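Chains, contacts and geometry: an overview
Here is what each chain is made of, one letter per residue.
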Amino acid sequence: MTSEAAVSTRPTMSSTPSKGDYHWVRSFVAGGVAGCCAKTTIAPLDRVKILLQAQNPHYKHLGVISTLRAVPKKEGILGLYKGNGAMMVRIFPYGAIQFMAFDKYKKLLSKQIGISGHIHRLMAGSMAGMTAVICTYPLDVIRARLAFQVKGDHRYTGIANAFHTIYLKEGGVLGFYRGLTPTLIGMAPYAGLSFFTFGTLKSLGLKHFPELLGRPSSDNPDVLILKTHVNLLCGGVAGAIAQTASYPLDVARRRMQLGAVLPDSEKCVSLIKTLKYVYNTFGVKKGLYRGLSLNYIRCVPSQAVAFTTYEFMKQVLHLN
């Protein structure tokens, strides 16, 4: 029985699609559906994370749980999903690009450069993550701007208006790439460690405990995949490690993305200046790592939904 463990650090599809069978379309749909389901599940937590990271004046005195309670009271239950529409638009192409880039980079590193083993998974994951970020970054900026708004204090009326306003008032196209540098720098360790950790745990589990941790894929009995609860555990560990390593850069990215929305935006014009400002003003716990506990809480449900949905879609679309 063939194991998927060595293929990718996320639930993956065949790395050798046959020509003419629209494999890339099916993989695009599978990754997009999984990503959208996962992101929608944790959208309230993502909204709170952005509000806390950027010290929103309406909620900066609150913690994670109290903010989750305060947002519905102030903005209604849909306030917890503000900015999620932009995220859905972004996550479909992001997931597809990341997977396809990972597969291509992995082949390039292995066959053309001669780098193999765990290191090529680490490098390919980092490169794929950065490629996906560059291609979809403007949508991430829009989503952050919309999520940061509070009812009664709106700067943008929707996705189209946000695009139009940023383009006119913040330097044209360059306005959509504020915070790209810390995002790319943060994505390298985040995506790399995620792919590396999950892939390593998956390969070791299927290699040493195939009967205990694995099961045959329903659409291809010759392919061994991890059981759902094991996928959850491996993904949670990978996400926690990756988030901890890259979180200060994520805080800097968010503050730079929000730009003119913040009253102290002039102090957050570069990665180094933003990190120094946040550290000197708020410290480590309340600044560089503010909201990190929320990321740990997000990790388990996010990975559970993403991996479970992806595995389901792979079997429905016969991608194993």
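Residues numbered from 1 in each chain as written. Predicted model: local features only at pLDDT ≥ 70, side-chain atom pairs only at ≥ 80, totals over all residues. Heavy atoms only, no water.

**Some points on the overall build of the protein**
Check the secondary structure of the protein and you find 12 helices and three strands. A globule of 320 residues ought to have a C-alpha radius of gyration of about 20 Å, and the protein, at 20 Å, matches this closely. Expressed along its principal axes, the backbone C-alpha trace of the protein runs to roughly 60 × 40 × 35 Å. Considering the protein as a whole, with its 320 residues, one finds that 54% of them fall into the buried category. Sequence separation of at least 24 residues holds for 74% of the intrachain contacts in the protein that already meet a minimum separation of 6. Looking at the protein as shown, the accessible area adds up to about 14,400 Å², and 66% of this sits on carbon and sulfur atoms. Distance between charge centroids for the protein: 7 Å, based on 38 positive and 15 negative side chains. (Helix = DSSP H or I, 4+ residues; strand = E, 2+ residues; numbered from the N terminus. Rg over C-alpha atoms; globule rule 2.2 N^0.38 Å. Buried < 20%, exposed > 50% of the residue type's maximum accessible area, 1.4 Å probe, protein only. Contact = heavy atoms within 4.5 Å. Areas by Shrake-Rupley, 256 points an atom, 1.4 Å probe, with all protein chains shown as cover. Lys, Arg positive; Asp, Glu negative; His and termini not counted. Charge placed at Lys NZ, Arg CZ, Asp CG, Glu CD.)

**A few points about the side chain of arginine 290**
Turning to its location among the elements, arginine 290 is positioned in the loop between helix 11 (284–288) and helix 12 (292–316). Classification of arginine 290 as buried rests on a relative accessible area of 14%. Of the polar contacts made by the side chain of arginine 290, one reaches the backbone oxygen of leucine 62; its length is 3.3 Å. Sequence-distant contacts of arginine 290, defined by excluding residues within four places in its chain, comprise Leu52, Gln53, Gln55, Tyr59, Lys60, Leu62, Tyr247, Val284 and Lys285. (Polar contact = N/O pair within 3.5 Å; in protein donor to acceptor, adjacent residues only side chain to side chain.)

**Brief notes about helix 9 (residues 228–258)**
The terminal C-alpha atoms of helix 9, which comprises 31 residues, lie only 37 Å apart, well short of the 45 Å expected from a rise of 1.5 Å per residue. The sharpest bend along helix 9 measures roughly 60° and falls at serine 246, with the proline proline 248 sitting one to four residues further on. Of all 31 residues that make up helix 9, 22 are buried, and the element is covered over most of its length. Just beyond helix 9, the residue with positive phi is glycine 259, at close to 50°. (Expected span 1.5 Å × (residues − 1). Bend = angle between axes of the 7 residues up to and from the residue.)

**A closer look at the packing of helix 2 (residues 43–53) against helix 5 (residues 118–148)**
Axes are the key here: two packed helices are described by the angle between their axes and the distance separating the axes. Running from amino to carboxyl end, helix 2 crosses helix 5 at an angle of 80°, the nearest separation of the two axes being 9 Å. In this view, helix 2 runs roughly perpendicular relative to helix 5, as classed from their interaxial angle. On the side of helix 2, the interface is formed by Asp46, Arg47, Ile50 and Leu51, while helix 5 contributes Arg143, Ala144, Ala147 and Phe148. Looking at the contact of helix 2 with helix 5, its residues break down into five nonpolar, no polar and three charged. (Axes fitted to C-alpha atoms, helices over the stretch in contact; angles between N-to-C directions. Parallel < 35°, antiparallel > 145°, perpendicular 65-115°, else oblique. Nonpolar A, V, L, I, M, F, W, Y, C, P; charged D, E, K, R; others polar.)

**Brief notes about the UniProt feature "repeat: Solcar" (unreviewed entry) in the protein**
Residues annotated in UniProt with the feature "repeat: Solcar" (unreviewed entry) correspond here to residues 22–108, 116–204 and 226–316. The straight-line gap between the two end C-alpha atoms of residues 22–108 is 23 Å; of that span, 77% is helix and 0% is strand. (UniProt positions renumbered as here; feature names shortened; annotations may be inferred.)

**Regarding the pattern of salt bridges**
This structure, assessed with the given rule, holds eight salt bridges. Across the pair arginine 143 and aspartate 46 runs a salt bridge whose closest N-O atoms are separated by 3.8 Å. Within this pair, whereas arginine 143 is found in helix 5, its partner aspartate 46 is found in helix 2, the two being separated by 97 residues in sequence. With respect to burial, arginine 143 and aspartate 46 carry one shared label: buried. Here the residues in one salt-bridge network are Lys49, Arg90, Asp140, Asp250 and Arg253, joined through shared partners. (Salt bridge = Lys/Arg side-chain N within 4 Å of Asp/Glu carboxyl O.)

**Description of the packing of aromatic side chains**
Enumeration over the complete set of coordinates arrives at four aromatic pairs. Ring centres of phenylalanine 163 and phenylalanine 176 lie 5.2 Å apart, and the angle between their planes is 45°; on these two criteria the pair is classed as tilted. Of this pair, phenylalanine 163 sits in helix 6 (residues 159–169) while phenylalanine 176 sits in the loop between helix 6 and helix 7 (180–208), and the two are 13 residues apart along the sequence. The exposure class of phenylalanine 163 is partly exposed, given its relative accessible area of 28%. Both rings, one in tyrosine 247 and one in tyrosine 289, keep their centres 6.0 Å apart while their planes meet at 20°; by these two values the pair is stacked. Taken together, the positions of tyrosine 247 in helix 9 and tyrosine 289 in the loop between helix 11 and helix 12 put the pair 42 residues apart, joining distant regions of the chain. By relative accessible area, which is 27% here, tyrosine 289 ends up partly exposed. Its guanidinium or amino end placed over the ring of tyrosine 94, arginine 90 lies 4.5 Å from that ring's centre, counting from NZ or CZ. (Phe/Tyr/Trp six-rings, centres within 6.5 Å; stacked < 30°, edge-to-face > 60°. Lys NZ or Arg CZ within 6 Å of the ring centre and 35° of its normal.)

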